[in-house]
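# Examination of the molecular architecture
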Amino acid sequence: MELFRVPLADMPLVASVNRRAWDADADFEVTSEHVWLSKAGRAKAIELYERRKRETWKNNVLGYSLSYARLVELEVRLLEKEWTGKPGLFATFRLR
């Protein structure tokens, strides 16, 4: 999953911060020691992740577009082939 942390979680989150999509009062709970996401904030973060999984991206090896959710599934299947001794195209995913 670490392979997909940046495109599925980090990039959408940073983009939402840059767009000023977060409300300090509604989306966060501040205590003396921590800052937590509120229920609304958690829902917003999950929606960012789910929306990103539905976005499509052109695979650099296959040459056609597929959703990030399908791309994760594809990489898992390629990793399975690597583990069974049939080297393939695992980890050829590139953002650019």
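Only a predicted model underlies this, so the values are computations on that prediction, with no experimental measurement involved.

So, on to helix H4 (residues 68-83). With 16 residues, H4 should cover 22 Å at 1.5 Å per step; its first-to-last C-alpha distance of 23 Å lies within 8% of that length. Here H4 has its buried residues at Tyr 68, Leu 71, Val 72, Leu 74, Glu 75 and Leu 78. What you see down the axis of H4 is that its buried residues fit within an arc of 160°, all on one side. Summarising the geometry of H4, the exposed residues directed more than 90 degrees from the buried face are Val 76 and Trp 83. Residues of H4 that are buried in the fold lie against helix H1 (2-18), helix H3 (39-54), strand S3 (56-58) and strand S4 (65-67). Looking one or two residues past H4, Gly 85 carries a phi angle of roughly 90°, positive in sign.

Looking at the secondary structure, you find Ser 67 in strand S4. Only 3.0 Å separates the side chain of Ser 67 from the backbone nitrogen of Arg 70, close enough to count as a polar contact. Sequence-distant contacts of Ser 67, defined by excluding residues within four places in its chain, comprise Lys 53, Arg 54, Glu 55 and Thr 56.

So, about the pattern of salt bridges. As enumerated under the stated definition, the model contains eight salt bridges in all. A salt bridge links Arg 52 to Glu 55, with the shortest nitrogen-to-oxygen separation between them at 3.1 Å. Of the charged contacts, one joins Glu 73 and Arg 77 as a salt bridge, the two residues approaching to 3.1 Å between their closest N and O atoms. In this pair, Glu 73 and Arg 77 both sit in helix H4, four residues apart, roughly one turn of the helix. A network of salt bridges, in which partner residues are shared, links Glu 47, Arg 51 and Arg 54.

Tallying each qualifying case throughout the model produces one aromatic pair. With a centroid separation of 5.8 Å and 40° between ring planes, the pair formed by Trp 22 and Phe 28 is classed as tilted. Residue Trp 22 is classed as buried on the basis of its relative accessible area of 17%. In this structure, Lys 44 packs its charged tip against the face of Trp 22, placed 5.2 Å from the ring centre.

The next thing to look at is the side chain of Ser 38. Summarising the element assignment, Ser 38 is placed in the loop between strand S2 (35-37) and H3. Ser 38 sits in the buried class, given a relative accessible area of 6%. With sequence-adjacent residues up to four places away left out, Ser 38 is seen in contact with Ala 26, Asp 27, Phe 28 and Glu 29.

What counts as what
Every chain is numbered on its own, with residues counted from 1 as its sequence reads. Side-chain atom pairs in this predicted model are given and counted only at pLDDT of 80 or more, local residue features only at pLDDT of at least 70, and totals for whole chains, interfaces and linings cover all residues. Hydrogens and water molecules were not included; the side-chain quantities draw on all heavy atoms of the structure. Per the convention used, a helix needs a DSSP run of H or I reaching at least four residues, while a strand needs a run of E reaching at least two, with both numbered from the N terminus. Multiplying one less than the number of residues by 1.5 Å gives the expected span of a helix. Classification of residues uses two cut-offs on accessible area relative to the type maximum, computed with a 1.4 Å probe and protein chains only: under 20% is buried, over 50% is exposed, and between them is partly exposed. Directions from the helix axis toward the C-beta atoms define the arc. Contacts were defined at the residue level, with two residues in contact if any of their heavy atoms lie within 4.5 Å. Any pair of nitrogen or oxygen atoms within 3.5 Å is treated as a polar contact; in protein, a donor-acceptor pairing is required on top of that, and neighbouring residues in sequence qualify only through side-chain atoms on both sides. Each salt bridge in this description consists of a side-chain nitrogen of Lys or Arg and a carboxyl oxygen of Asp or Glu lying within 4 Å of one another. Only rings of Phe, Tyr and Trp enter the pairing, Trp through its six-membered ring, and a pair is recorded when the two centres are within 6.5 Å. The plane angle decides the type: under 30 degrees is stacked, over 60 is edge-to-face, the rest tilted. By definition here, charges over rings are those cases where NZ of Lys or CZ of Arg is within 6 Å of the ring centre and within 35 degrees of the ring normal.

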